[in-house]
Amino acid sequence: MIEQLPIINLLLLLGTALIIPLFKKRPFQLSLTLCFLVLLTVLVSSVFLLIHVLEYGEFYYHFGNHENLIGIEFLIDAFSAFFTVFVAALVLVIYLYSWKDKTEGIENKEFGRYYILLFILLFSIFGILYSNDLFNTYVFIEILSITSCAIISIKRKKETYTAAFRYVMLNEIASMSYLLGVALIYMITGHLNLERVATSLQSIWPLYSTNIIIAIGFMTIGVGIKAAIFPFHIWLPDAHATAPSTSSAILSGIVVKIYILVLVKLLFRVFGMEIVEALHIKWIMLILGSAGMIMGSIFAIAQKDVKRMLGYSSVAQIGYIILGIGLFTEAGLQAAFFHIISHGIMKAALFLSVGVIIYYKHVQKLKDFEGIGYQMPISMTVFSFGALGMVGIPLTSGFISKFNLGIAVIDANLIFFLIIIILSGLLNVVYYFPIVISAFLKDNKEMQKIPHIEKVPNIMLIPILTLGVAIVVLGLFPNLIMDIIVSVVATLF
Amino acid sequence: MIILQKILENINYLGGIALFLIGLHTVVTHSNLIKRIIGLNIMGTGVFLFFVAIGNVTGGEPPIMTEDNIGAIFINPLPSVLILTGIVVVVSMTVYSLSLVIRIFETYGTIDQKELTRLISEQNNHD
Amino acid sequence: MNDTILKSITRIIVPFIQVYGVFIILHGHLSPGGGFSGGALIGTSLILFTLVFGVKKAKVKFSERVAEISGSAGIIIYVLVGIVGLVLAGSFLTNIEAGFPAGVAGTLMSAGMIPIIMIGIGIKVASTMITLFHTLVEEEVR
């Protein structure tokens, strides 16, 4: 039975997306509860899968009982099981928040459609993580890119259209180059299954090196554009800033990370260490990662809109992850994976707490944040925890990930990048602390006169409080997930 | 002469790559949004042509099994089947981006990227 | 568009296109074609109808609700057939091993579940094509 859980997860998500349109005339609350139950089931079954995989090892799922030479294959190992748990848990929290947040330009009529898109997005994410096949990954990536564009443009405001259009264009260029890379790989190996491709690439690497280099170039650039690695990040701030808050949290916290995980899969499972070292991909990734860390932070300082600032901050944080992966050591990968988790949680907390502020006060400019801490203590506190985590203050999960990354960099004898990590942390201080300080400490007489707890629905506050607590808990007890991450990384080497 | 022969031998791959590059050039350089979408379609066609060309086997027959051709050499049908999925994806992407263009035209009154950039920056300065 | 020739020709030609689409769908396991190609043909016939007679009349013939439900139904057929394989043979989308009749190769009634799946895909593709077209046309009108 437990072997069937991955497909059951996928079918549950897809089935929910299909069932939601049928609820049009029934009470809306019913379909919301149904969605919640489905998400909970998916989370529980992902946790079961993770426990099973950690105990008994990886297993394959063959569609239609065809072997992997001709059939489609899912691989459920610690890597995919762990990240599906992360995605399911984070989406569950964000989903609870989205119940009440209907003010942001999503019309009521569209709200059912929003959940359809959300479930198809989740379906494609699970598919990408489980899939052990290059072309299937492509198909799921395409579903993911269409739905992630659509959850931006569902907000009927004029800025979203241009942002979504740019996102679509770059996404499509990226998909096409990924597909061309797959074609080149298929041309020389005759396989699409990751493991078969990997074994035949090892043997034909001396023969067809030009072909392989071009294929790697197309595929990594394709995934890199979607993952917003530094020079390809131009779509990200616009897209993440104009989207509804829940979409921003999902896009920034999860979707971008999924593409990075695809990149990890390609580099470690398909191409293998020998080819990666021969092509100096290590240095390319280290340099692009550190450039992203510095430039993302510098761009973020100049922003006036809080959500755009968070978007540029994502660019910087993706730089940390790329730097960690680019070390190509176990410690580096562990730090990168921990940062994927902690950044996902922190960014979701930041975007959602900003979402609460937008919901309540309808302000989005940084200058309107003065003294807002007196009016909205809970959401600003969560925001501050997120900001502290981003900067890397001890007791938050951000500190642990940066600390691990620093240790990994020292282990790899690349002290130069340690300086960049510290510099980027300082730059983070420059743009995060003024917001926190002006929100809590700036004298704003009018606002201090009315000290009251925000009158926001509880269902919006509970998710952001959960995320805030999660930041601190991961900061205090990183070993809760670090042990799992160690075994996840072990599957890649 | 050898080069010419090589080109003739690999004309299908070269055609695919050429279409890909023409499409990419169109997407990057044109400021008209509709032309960009057309460029994406050309790009997609290039990739599909390349992918389908891989499946060709010299002297192969169409992969339809009848009683006459059991044991014959068939063309690899898998790339064609895969590309069907790719076509579906590109169609849906095209429709989605066209509907976005319609919305952009409704709100801004133009589909020229330069004009759009000007309007948006004016609006930002106005805020 | 108000052209008598177009209208009468369309009236004649649409059923033929649709029958051809059904033919392509049903012969998906025997010859090139299948669910996608046949569904696209059926969708195209409906698009032709819309182009000639206008969106309003087309909506009467094939309303949004019908398109939505038939689109969902297409995927549901696919998923249910897959689940039959899952239950009977322990893997999603299992064909002959799950007890679908193999039939005689080369005849219409063969290849187990593939014709059923093709019908599902055909319905889905046809309804999706027409929905996409209607959405685009309506956006322009508004």
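Since the structure is predicted, the reported quantities are computational estimates derived from the model, not experimental observations. (Residues numbered from 1 in each chain as written. Chains lettered and ligands numbered in written order. Predicted model: local features only at pLDDT ≥ 70, side-chain atom pairs only at ≥ 80, totals over all residues.)

> Can you explain the overall build of chain A? Please cite residues and give values.
Along its length, chain A carries 20 helices and two strands. The principal-axis extents of the C-alpha atoms in chain A amount to approximately 75 × 60 × 45 Å. Buried residues in chain A amount to 57% of all 493 residues. A sequence separation of at least 24 residues applies to 80% of the contacts in chain A between residues at least 6 apart. (Helix = DSSP H or I, 4+ residues; strand = E, 2+ residues; numbered from the N terminus. Buried ≥ 20, exposed ≤ 12 C-beta atoms within 10 Å, placed from the backbone. Contact = placed C-beta atoms within 7 Å.)

> I'd like a description of the overall build of chain B, backed by residues and values.
Each helix and strand in chain B was counted, giving five helices and zero strands. Each helix (α) and strand (β) of chain B, taken in turn from the N terminus, gives the series α-α-α-α-α. Computed over its C-alpha atoms, the radius of gyration of chain B comes to 21 Å, more than 25% above the 14 Å expected for a compact globule of 127 residues. The principal-axis extent of the C-alpha atoms belonging to chain B is close to 75 × 40 × 15 Å. Counting over 127 residues, chain B shows a buried share of 23%. (Rg over C-alpha atoms; globule rule 2.2 N^0.38 Å.)

> Help me get a handle on the pairing of strand β2 (residues 73–76) of chain A, residues and values and all.
Residues in a regular strand point their side chains to alternate faces of the sheet. Residues and elements named next belong to chain A. Neither face of β2 is left uncovered, since the one carrying E73 and L75 and the one carrying F74 and I76 both have all their residues buried. Relative to β2, strand β1 (residues 59–62) is paired through four bridges, and the arrangement is antiparallel. Residue pairing in the sheet places Y61 in a bridge with F74 of β2. (Pairing = 2+ DSSP bridges.)

> So what's going on with unusual backbone geometry? Which residues, and what values?
Residue and element names in this part refer to chain A. For A228, which is not glycine, the phi torsion reads 60° and is therefore positive. Considering the arrangement of structural elements, one finds A228 in the loop between α8 (209–226) and α9 (235–242). The buried category is assigned to A228, around which 30 C-beta atoms lie within 10 Å. Not every positive phi belongs to a glycine, and H280 is a case in point at roughly 60°. You can see H280 is positioned in the loop between α10 (245–278) and α11 (281–301). Assessed through the 10 C-beta atoms surrounding it within 10 Å, H280 is described here as exposed.

> Residues and numbers for the interface of chain B and chain A, please.
Each partner contributes to the interface: chain B provides 26 residues, whereas chain A provides 21 residues. Elements represented by at least two residues in the side of chain B that touches chain A include exactly α2 (11–29), α3 (33–54), α4 (78–108) and α5 (113–126) of chain B. Looking at the side of chain B that touches chain A element by element, the count peaks at twelve residues for α4(B). In terms of residue class, the side of chain B that touches chain A is built from 18 nonpolar, six polar and two charged. (Nonpolar A, V, L, I, M, F, W, Y, C, P; charged D, E, K, R; others polar.)

> Describe helix α1 (residues 4–26) of chain C, naming the residues involved and giving the relevant values.
Residue and element names in this part refer to chain C. Here α1 spans 34 Å end to end across 23 residues, near enough to the 33 Å set by a 1.5 Å rise per residue. At R11, α1 is deflected by roughly 30°, the largest bend along its length, and proline P15 occurs up to four residues later in sequence. Of the positions making up α1, those classed as buried are G21, I24 and I25. (Expected span 1.5 Å × (residues − 1). Bend = angle between axes of the 7 residues up to and from the residue.)

> Provide a residue-level description of the packing of helix α6 (residues 158–189) of chain A against α9(A), including the pertinent values.
Residue and element names in this part refer to chain A. For the pair α6 and α9, interaxial distance at closest approach is 9 Å and the crossing angle is 140°. With respect to each other, α6 and α9 are oriented oblique. Of the two elements, α6 crosses α9, and the hand of that crossing is left-handed. Side by side, α6 and α9 meet where E159, T160, A163, A164, R166, Y167 and L170 of the first sit next to W235, D238, A239 and T242 of the second. (Axes fitted to C-alpha atoms, helices over the stretch in contact; angles between N-to-C directions. Parallel < 35°, antiparallel > 145°, perpendicular 65-115°, else oblique. Left-handed = near helix turned anticlockwise from the far one by under 90°.)

> If you had to explain helix α5 (residues 134–153) of chain A to someone new, which residues and values would you point to?
Here α5(A) spans 29 Å end to end across 20 residues, near enough to the 28 Å set by a 1.5 Å rise per residue. Within α5(A), 18 of the 20 residues are buried, leaving the element largely enclosed by the surrounding structure.

> Which residues make up the packing of helix α13 (residues 330–361) of chain A against helix α20 (residues 479–492) of chain A, and what values do they have?
Residues and elements named next belong to chain A. At a closest axis distance of 9 Å, the pairing of α13 and α20 adopts a crossing angle of 125°. In terms of orientation, α13 lies oblique with respect to α20. In terms of crossing hand, the pair formed by α13 and α20 is right-handed. Where α13 approaches α20, its residues E330, L333, Q334, F337, F338 and I341 are matched on the opposing element by I481, M482, I485, V486, V488, V489 and L492. Looking at the contact of α13 with α20, its residues break down into eleven nonpolar, one polar and one charged.

> So what's going on with the environment of Q303(A)? Residues and values would help.
Residue and element names in this part refer to chain A. With respect to the helices and strands, Q303 occurs in the loop between α11 and α12 (306–326). Put simply, Q303 and L366 are 63 residues apart on the chain and 8.4 Å apart in space, counted from C-alpha to C-alpha. If near-sequence neighbours (up to four positions away) are discounted, Q303 is found in contact with R308, M309 and Y312.

> Could you give an account of the interface of chain C and chain B, naming the residues involved and the relevant values?
Across the contact, seven residues belong to chain C and seven residues belong to chain B. By residue number, the principal contributor to the side of chain C that touches chain B is helix α5 (residues 114–141) of chain C, which donates five residues. Grouping the amino acids of the side of chain C that touches chain B by side-chain chemistry returns three nonpolar, two polar and two charged.

> So what's going on with the environment of H30(B)? Residues and values would help.
All names here are of chain B. Residue position: H30 is located in the loop between α2 and α3. Sequence separation between H30 and Q113 is 83 residues, and the spatial gap between their C-alpha atoms is 8.4 Å. What H30 contacts, discounting residues up to four positions off in sequence, is K35, R36 and G39.

> So, the confidence of the model for chain B: which residues are in play, and what are the values?
Overall, the predicted model of chain B reaches an average pLDDT of 87, with 99% of residues at or above 70. Scored by ipTM, the complex comes to 0.93, with pTM at 0.93. (pLDDT = per-residue confidence, 0-100.)

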